[in-house]
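In case you want the letters, here they are:
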Amino acid sequence: MRPASKSNKESDIVNTLQCKVNEILGAEISGIDLTQPVNDATRDELNALFAQHAVLVFRDQPLTPPQFMRGAEIFGRLMEQQIKKFVLPDYPLVGSNSTKDLPRKNGKLQVRGENYHTDHSNDLAPPKATSLMAVQIPSDGGDTQFVDVRRAYDDLSETQKTALQHLRSRHVHESSRSPRSFAKLSPTDMAKIPHTEQPLVIKHPVSGRPALYLNTGRMEGIEGMDADAGFALIDELYRHATQPQYEYRHQWRVGDMVIWDNRSVMHQANADYDPEEYRYLYRVMLQGDKLEPFV
Ligand code: SIN
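Description of the structure in this document. (Residues numbered from 1 in each chain as written. Predicted model: local features only at pLDDT ≥ 70, side-chain atom pairs only at ≥ 80, totals over all residues. Heavy atoms only, no water.)

Thoughts on the pairing of strand 6 (residues 129–136)
Consideration 1: Extensive coverage of strand 6 is indicated by the burial of six of its eight residues.
Consideration 2: For strand 6 and strand 14 (residues 257–261), the ladder comprises five bridges, and the chain directions are antiparallel. Looking at the pairing, serine 131 lines up with isoleucine 259 of strand 14.
Consideration 3: Bridge count for strand 6 against strand 16 (residues 280–286) is seven bridges, and the pairing is antiparallel. Its bridge partner being in strand 16, glutamine 136 is matched across the sheet by tyrosine 280. (Buried < 20%, exposed > 50% of the residue type's maximum accessible area, 1.4 Å probe, protein only. Helix = DSSP H or I, 4+ residues; strand = E, 2+ residues; numbered from the N terminus. Pairing = 2+ DSSP bridges.)

Written out as structure tokens, the structure is:
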């Protein structure tokens, strides 16, 4: 029998998506096998759910790197990894995140992505989304936390919202007041790292919702404000946005694929697990557009 063409095969696949919405943020999607292509209706439905819930969790999807790439591509175009030292040799668009990425500090485990942040905010067009797929997970700890920076913005007073409206911040590779450790880069990688001004409040390109845009590891103060006042404002907004009422905490299982919207949430990793255990995830990013201010 002649094999079905790709487009026939895709249109034949019927997914019965189910969406379980989390109490605070994000949703768990079932009724889909990410090793298989999706048809247009399923793709549209998933993208609508993504714009609404900002963090989507797919359980029991132990994907190979090419399958993971195709699964993430349901939501957009894969983006080059900025930090080349963590890319998979055979799949340069796929990075990895592991226990061994950073050296221990005074014997203590350090992991990439500690402290809430949004990815590569120093890019002119930062990644719209990032996705991780869990290959190996410690028996306890190593969760990823997410906070909803849309709701954090909504909860500000009208006076605060007006005060933030036209403010911008310079985002660099590593802020002079960064609270977190960054991987050391080669001079070649470092020379390619962009620096960019970003609005403090952005408008989501699909939903139109406003959100705080914060990254304490990369923000170098606020334009037009004296350095201490600028950093104090960033610190105040960061403390507001990272309160537990905005948080979803993901406890990983091997085979979980999680994708999040960098324009709607901040995320952070936890170095709270036994350093003798190994945590290893694949990681991809999807290309975003230049960020628009919410005015
Ligand atoms: C990241 O910041 O992308 C890493 C998150 C994690 O490892 O939990």
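What about the site of the ligand?
Consideration 1: Neighbouring the ligand are the residues Asn97, Arg112, Gly113, His117, Leu132, Thr144, His267, Ala269, Arg279 and Arg283.
Consideration 2: Contact between the ligand and histidine 267: an oxygen atom at 3.0 Å from a side-chain N or O atom of the residue.
Consideration 3: Residue arginine 279 places a side-chain N or O atom 2.9 Å away from an oxygen atom belonging to the ligand.
Consideration 4: In isolation the ligand exposes 260 Å². Once the protein is present, 97% of that is buried.
Consideration 5: Classifying every residue of the shell around the ligand by side-chain character gives two nonpolar, five polar and three charged. (Near = heavy atom within 4 Å. Polar contact = N/O pair within 3.5 Å; in protein donor to acceptor, adjacent residues only side chain to side chain. Areas by Shrake-Rupley, 256 points an atom, 1.4 Å probe, with all protein chains shown as cover. Nonpolar A, V, L, I, M, F, W, Y, C, P; charged D, E, K, R; others polar.)

Points about the packing of aromatic side chains
Consideration 1: Enumeration according to the criterion identifies eight aromatic pairs in this entry.
Consideration 2: On the numbers, 6.4 Å between centres and 55 degrees between planes, the contact of phenylalanine 58 with phenylalanine 75 is tilted. Here phenylalanine 75 lies in the loop between helix 3 (65–73) and strand 4 (87–88) and phenylalanine 58 lies in strand 3 (residues 55–58), a separation of 17 residues in the sequence.
Consideration 3: The class for phenylalanine 58 is buried, based on a relative accessible area of 0%.
Consideration 4: Overall, the relative accessible area of 2% leaves phenylalanine 75 in the buried class.
Consideration 5: Taken together, the ring pairs connect Phe68, Tyr278, Tyr280 and Tyr282 into an aromatic cluster.
Consideration 6: Looking at arginine 112, its charged tip hangs above the ring of phenylalanine 86, at a distance of 3.8 Å from the centre. (Phe/Tyr/Trp six-rings, centres within 6.5 Å; stacked < 30°, edge-to-face > 60°. Lys NZ or Arg CZ within 6 Å of the ring centre and 35° of its normal.)

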